[in-house]
Amino acid sequence: MDRPNLGSSSSLHPCPQQDAWINTYRNLLPHWQSLPPSRQSAIPISISRVNQVDAGRLDIEMSAMLKEQLVKVFSLMKPGMLFQYEAELDAFLEFLIWRFSIWVDKPTPGNALMNLRYRDERASEIRGKVRTGLEGPGLTVAQKLWYCIATVGGQYIWARLLSFSAFRRSGDSEQRSLARGVWLLMQLMEGIYKAASFSNLLLFLYTGRYRNLIERALRARLVYGSPNMNRAVSFEYMNRQLVWNEFSELLLLLLPLLNSASVKSLLRPFSKDKSSDSSVDEALCPICQGTPSIPFVAIPCQHRYCYYCLQTRCSAAPSFRCPRCGEPVAAMQRHGGLVSNIPQKQ
């Protein structure tokens, strides 16, 4: 039985030439370039919706932190004065964030943490070469200005209109006045805006583009800013919080076990108040710092106490020491004679 000729496979399937793929690319390139941009398939870009939502939430928290620090600066001023200019304060903080992030082609703090940046989607669609989300120019000057007008100016004007209408009580007016008409118009505009925002949210969850109406109107899309995102999270602040929680729990456990009178007597030599009258101190009960109602003296130090204060402390701690001198109390005696023995620790 003859064996098949294995060498004949090379004649059935000849090996391609070394530069065959280059020639094929050169032959197909004119046909690809002749196609319209709409028919040129591009790799779809998928930007994480969670990252975009988290970036917006981080920006809100950053603005709240800045507002809290700024309010502390004016804490010593007239109460209620800063509340009158709360809308201006919010607008000022939003303007600062916009000025030092979007205006200078940098991401906002939330976008930077989520590795996101704004891209002009109109220019990217014209080019038709966006594949990874890293390509494409940033926002134009007009887009940046309109973004500032919509976010900073729009929110400020709306907040002022609401506060002015609430102060004037335009909605409570029963007559068909101009103020009531403006109030009804504002209510209608607010309802339309909320409905449009809800529709935009549904589209965002479906497509992953444009978190809010401002981004959709300006065609400013969030894309990845770097091909590699650092997933390493710094636990510095978390460690500080854990250490502080453990320290506070330790204090809550130890403070009830400490004898406050002993601590006071220990710190008394370091006290700054050394000008107090010793006769007055001797006349007061060392425990309650009041005039003894039923005066008893401790033996052997002869310091005066209230009967109930001394008896309670000696019953709770048989090795009770006098807060004034630190000597152990062996017995207690009333002024004039009766001696009461203190049960000692066995």
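Refer to the structure above for everything that follows.
Residues numbered from 1 in each chain as written. Predicted model: local features only at pLDDT ≥ 70, side-chain atom pairs only at ≥ 80, totals over all residues. Heavy atoms only, no water.

## Examining the side chain of Asn-111
To keep it simple, the criterion reads: Put simply, DSSP marks the helices as runs of H or I at least four residues long and the strands as runs of E at least two long, and each gets a number from the N terminus on. Burial here depends on accessible area, computed with a 1.4 Å probe over protein chains only, as a share of the maximum for the residue type. Under 20% is buried, over 50% is exposed, and the range in between is partly exposed. We call two residues contacting when some pair of their heavy atoms lies within 4.5 Å.
Position of Asn-111 among the secondary structure elements: in helix H6 (residues 109-113). The class for Asn-111 is buried, based on a relative accessible area of 1%. The contact partners of Asn-111, leaving out residues within four places of it in the chain, are Ala-55, Asp-59, Leu-116, Tyr-118, Arg-211 and Leu-222.

## Things to note about a nonpolar patch on the surface
Rule in force here: Like-charged residues within 9 Å of one another, or nonpolar side chains (Val, Leu, Ile, Met, Phe, Trp, Tyr) within 5 Å, are grouped into patches, provided each residue has over 30% relative accessible area and no salt bridge. For every accessible area listed, the method is Shrake-Rupley and the probe measures 1.4 Å; residues are considered covered only by the protein chains on display. One side-chain nitrogen of Lys or Arg within 4 Å of one carboxyl oxygen of Asp or Glu is enough to make a salt bridge.
There is a patch of nonpolar side chains on the surface, built from Trp-244, Phe-247, Leu-250, Leu-251, Leu-253, Leu-254, Leu-255 and Leu-257 and spanning about 840 Å² of accessible area. As for its placement among the helices and strands, Leu-254 is situated in helix H11 (residues 236-254). Given the relative accessible area of 40%, Leu-254 is considered partly exposed.

## Comments concerning the pairing of strand S1 (residues 116-120)
Counted only if it meets this: We treat two strands as partners when DSSP finds at least two bridges between them.
The element S1 is largely enclosed, with a buried count of five among its five residues. Bridge analysis of S1 against strand S2 (residues 220-224) gives five bridges, and the strand direction is antiparallel. Across the sheet, residue Asp-120 finds its bridge partner in S2, namely Ala-220.

## Re helix H3 (residues 49-73)
Quick reminder of the rule: A helix is expected to span 1.5 Å multiplied by its residue count minus one. For the purposes of these results, a polar contact is taken to be a pair of N or O atoms within 3.5 Å, where, inside protein, one atom must be able to donate a hydrogen and its partner to accept one; residues adjacent in sequence count only when each atom of the pair is a side-chain atom.
Counted at 1.5 Å a residue, the expected span for H3 with its 25 residues is 36 Å, and the 37 Å between its end C-alpha atoms agrees. Looking only at H3, the buried set comprises Asn-51, Gln-52, Ala-55, Asp-59 and Ser-63. For H3, the elements touching its buried residues are helix H5 (86-99), H6, S1, helix H9 (178-207) and S2. Backbone nitrogen of Val-50 and a side-chain oxygen of the N-cap are separated by 3.5 Å at the start of H3; the cap is Ser-48.

## Regarding the packing of aromatic side chains
Our working rule: In summary, the pairing rule links any two rings of Phe, Tyr or Trp, Trp by its six-membered ring, whose centres are within 6.5 Å, and it sorts them by plane angle into stacked for under 30 degrees, edge-to-face for over 60 and tilted for everything else.
A complete count under the given rule lists five aromatic pairs for this structure. Here Phe-95 and Trp-98 contribute two aromatic rings whose centre-to-centre distance is 5.7 Å and whose plane-to-plane angle is 35 degrees, an arrangement assigned as tilted. With Phe-95 and Trp-98 both in helix H5, this residue pair falls three residues apart, about one helical turn. Looking at Phe-95, the relative accessible area reads 35%, which means it is partly exposed. Relative to Tyr-307, the ring of Phe-296 lies with its centre 4.9 Å away and its plane at 45 degrees, an arrangement referred to as tilted. On the criterion of sequence distance, the pair formed by Phe-296 in strand S3 (residues 295-299) and Tyr-307 in helix H14 (residues 307-316) is long-range, its members being eleven residues apart. The class for Tyr-307 is partly exposed, based on a relative accessible area of 27%.

## Considerations on the nonpolar core
As a reminder of what qualifies: Side-chain atoms within 4.5 Å link the members of a nonpolar core, which is a set of buried Ala, Val, Leu, Ile, Met, Phe, Trp, Tyr and Cys residues.
By size, the foremost hydrophobic cluster in this structure holds 16 residues, and its most contacted members are Trp-98, Ile-102, Leu-116, Tyr-118, Leu-139, Tyr-147 and Ala-220. At the level of elements, H5, S1, helix H8 (141-168) and S2 are the ones that each hand at least two residues to this core. The next biggest cluster of nonpolar side chains, apart from the first, holds 13 residues, and it includes Cys-285, Cys-306, Cys-309 and Leu-310.

## Description of unusual backbone geometry
Here Asp-105, not a glycine, exhibits a phi torsion of approximately 60 degrees, which is positive. Tracing the chain through its elements places Asp-105 in the loop between H5 and H6. A relative accessible area of 57% places Asp-105 in the exposed class. Positive phi, normally seen in glycine, also occurs at Arg-219, with a value near 55 degrees. Residue position: Arg-219 is located in the loop between helix H10 (213-218) and S2.

Fair warning: the whole summary comes from geometry, so function is off the table for now.
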